[in-house]
Amino acid sequence: GEDVEQSLFLSVREGDSSVINCTYTDSSSTYLYWYKQEPGAGLQLLTYIFSNMDMKQDQRLTVLLNKKDKHLSLRIADTQTGDSAIYFCAESIGDTDKLIFGTGTRLQVFP
Amino acid sequence: GAVVSQHPSWVICKSGTSVKIECRSLDFQATTMFWYRQFPKQSLMLMATSNEGSKATYEQGVEKDKFLINHASLTLSTLTVTSAHPEDSSFYICSARVPGLDKNIQYFGAGTRLSVL
């Protein structure tokens, strides 16, 4: 079945880079996404990558996809306190609308 | 990006009552909307897919009669939690796709926190 796993917690110092990792099991993923959720709020789409791509960069965000190992990562350069939130990776399966979400990684940025 | 609005943001109700949550697409028409449920410190679980003008498609294990979904217009989907009980307390989030754009991108509302006493 479909399963998406993330580490639960990451703590980084302000100005350092953060790397959030995600593994998934379904090889028919078409798109993979990163969403950000601040306390008590909905989800904000940060970036996404098509499954035939290896890397995508968007300003401070870099997404790396290793399809062979079914591993997705999100690197945030120059992490700021405003980046503190929960980050969810998600995958869409085949041609369906369905999104499978990971367990979420809580990123805490300290001064 | 596209804007999806949810109302109310927080609701407290007595056990046995029904609660309606609205999800609106503000600057686009959404033929398909999605309803998710999120328990504290957990991930989002898809409950159902709401299709304008037709019946919703529910995920396995989600009670259709408990969670009534109506998508009567291209900008509004509603989720009604009927005869709510404390175990229904959760964070409910809707999302919508923008027609004409990448069909795999979903934009999310801010969520509704339901507390059943």
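Residues numbered from 1 in each chain as written. Chains lettered and ligands numbered in written order. Predicted model: local features only at pLDDT ≥ 70, side-chain atom pairs only at ≥ 80, totals over all residues. Heavy atoms only, no water.

**Here's the deal with the nonpolar core**
Formed by 26 residues in total, the largest nonpolar core has its most connected members in Trp35, Phe67, Ile69, Leu79, Tyr92 and Leu114 of chain B. Among the secondary structure elements, those contributing two or more residues to this core are β2 (10-13), β3 (19-25), β4 (32-38), β5 (44-51), β7 (67-73), β8 (76-81), β9 (90-97) and β11 (112-116) of chain B. Not counting the four nearest positions on each side in its chain, leucine 114 of chain B is found in contact with Val11, Cys13, Val19, Val81, Asp88, Ser89, Ser90 and Tyr92 of chain B. Residues Ile20, Trp34, Leu72 and Val109 of chain A belong to the second largest nonpolar core, which totals 22 residues. (Core = buried A, V, L, I, M, F, W, Y, C linked by side-chain atoms within 4.5 Å. Buried < 20%, exposed > 50% of the residue type's maximum accessible area, 1.4 Å probe, protein only. Helix = DSSP H or I, 4+ residues; strand = E, 2+ residues; numbered from the N terminus. Contact = heavy atoms within 4.5 Å.)

**Thoughts on the pairing of strand β4 (residues 29-37) of chain A**
Residues and elements named next belong to chain A. With nine of nine residues buried, β4 lies mostly within the body of the structure. Relative to strand β9 (residues 85-93), β4 runs antiparallel, the two being bridged by eight bridges. Bridging from a neighbouring strand, tyrosine 35 pairs with phenylalanine 88 of β9. Here seven bridges tie β4 to strand β5 (residues 43-50), and the two strands are oriented antiparallel to one another. (Pairing = 2+ DSSP bridges.)

**Quick look at the interface of chain B and chain A**
Across the boundary between the two partners, chain B contributes 21 residues, which contact 21 residues of chain A. Surface buried jointly by chain B and chain A totals about 1,600 Å² across both partners, of which 51% is contributed by carbon and sulfur atoms. Inspection of the chain B/chain A interface yields one salt bridge. Across the pair glutamate 59 of chain B and lysine 98 of chain A runs a salt bridge, and its minimum N-O distance is 3.0 Å. Linking chain B with chain A are five residue pairs in polar contact (both at pLDDT 80 or more). For the side of chain B that touches chain A, the secondary structure elements donating two or more residues are β4, β5, β9 and β10 (106-108) of chain B. The element best represented in the side of chain B that touches chain A is β4 of chain B, accounting for four residues. Split into classes, the residues belonging to the side of chain B that touches chain A amount to nine nonpolar, seven polar and five charged. (Buried area = accessible area lost by both parts, 1.4 Å probe. Salt bridge = Lys/Arg side-chain N within 4 Å of Asp/Glu carboxyl O. Polar contact = N/O pair within 3.5 Å; in protein donor to acceptor, adjacent residues only side chain to side chain. Nonpolar A, V, L, I, M, F, W, Y, C, P; charged D, E, K, R; others polar.)

**Let's talk about the sheet that holds β8 of chain B**
Residue and element names in this part refer to chain B. Overall, antiparallel pairing links the four strands, which are arranged β1-β3-β8-β7 in an open sheet. In the strand order of this sheet, the two ends are held by β1 (4-7) and β7, each with one partner. This sheet shows a mean twist of 15° between the axes of neighbouring strands, independent of strand direction. (Axes fitted to C-alpha atoms, helices over the stretch in contact; angles between N-to-C directions.)

**Points about unusual backbone geometry**
A negative phi angle is the norm for most residues apart from glycine, just as the trans form is the norm for most peptide bonds. Note the cis peptide between histidine 7 of chain B and proline 8 of chain B, where omega equals 0°. A positive phi angle, close to 55°, is found at glutamine 59 of chain A, a residue other than glycine. Assignment of secondary structure puts glutamine 59 of chain A in the loop between β6 (55-58) and β7 (61-66). A positive phi angle, close to 55°, is found at lysine 70 of chain A, a residue other than glycine. Structurally, lysine 70 of chain A is set in the loop between β7 and β8 (71-76). The class for lysine 70 of chain A is partly exposed, based on a relative accessible area of 24%.

**Structural notes on the environment of glutamate 22 of chain B**
Residue and element names in this part refer to chain B. The topology assignment puts glutamate 22 in strand β3. Along the sequence, glutamate 22 and arginine 37 sit 15 residues apart, while their C-alpha atoms lie 14 Å from each other. For glutamate 22, the contacting residues outside a window of four places in its chain are Ser5, Gln6, His7, Trp35, Leu76, Ser77 and Thr78. A distance of 3.4 Å separates the side chain of glutamate 22 from the side chain of arginine 24, its partner in a polar contact.

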